[in-house]
Amino acid sequence: MPGDGSTSKVSRWDQHGREHVVRVERAAGRRTIRCDTCGWRQGAQFLPWLKAEQHLTEAHQATVDPTAPRQSSRRRPLPGGR
């Protein structure tokens, strides 16, 4: 059956620059999410990628999406011209 045995991943970085990865595995029509960092696993019938993002945020404080466009590192001037 097409699509069985496939794996995708959700990765985020924490404030220390470490990458954390949760893999979404699909086998025999079931999805399982598994964290490479801590070994946490959970079955996920609906929204597995959202659950993966929630785990990364709550368990590892990993919120920086490496695929998102980077914001400018320039700071706004302080009021009063400082």
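Attention in this report is confined to the structure presented alongside it. Values in this document were obtained by computation on a predicted structure and should not be read as measured data. (Residues numbered from 1 in each chain as written. Predicted model: local features only at pLDDT ≥ 70, side-chain atom pairs only at ≥ 80, totals over all residues. Heavy atoms only, no water.)

Let us now look at the sheet that holds strand S1 (residues 6-13). The strands making up a sheet are joined through hydrogen bonds of the backbone, oriented either antiparallel or parallel. The sheet built from four strands is open, its strands ordered S1-S2-S3-S4 with antiparallel pairing. Strand pairing shows two members of the sheet lacking a second neighbour, S1 and strand S4 (41-43), which therefore form its edges. Taken over all neighbouring pairs, the strand axes of this sheet differ in orientation by 20° on average, direction set aside. Of the strand pairs in this sheet, strand S3 (residues 30-35) and S4 are connected by three bridges, and their pairing is antiparallel. If you follow threonine 32 over to S4, its bridge partner there is glycine 43. (Pairing = 2+ DSSP bridges. Helix = DSSP H or I, 4+ residues; strand = E, 2+ residues; numbered from the N terminus. Axes fitted to C-alpha atoms, helices over the stretch in contact; angles between N-to-C directions.)

Per the counting criterion, the structure on display carries six salt bridges. With its nearest N and O atoms 3.5 Å apart, the salt bridge here joins aspartate 65 to arginine 12. Taken together, the residues aspartate 65 in the segment after helix H1 (48-60) and arginine 12 in strand S1 connect sequence positions 53 residues apart. Among the residues examined, aspartate 65 registers a relative accessible area of 25% and is labelled partly exposed. Taking relative accessible area as the criterion, arginine 12 reaches 11% and is therefore assigned buried. Aspartate 36 serves as the salt-bridge partner of arginine 34, at 3.1 Å between the closest nitrogen and oxygen. You can call arginine 34 partly exposed: its relative accessible area is 23%. For aspartate 36, a relative accessible area of 36% puts it in the partly exposed group. Counted as one network, the salt bridges with shared partners bring together Arg23, Glu25, Arg34 and Asp36. (Salt bridge = Lys/Arg side-chain N within 4 Å of Asp/Glu carboxyl O. Buried < 20%, exposed > 50% of the residue type's maximum accessible area, 1.4 Å probe, protein only.)

In short, shape yes, function no, at least from these values alone.
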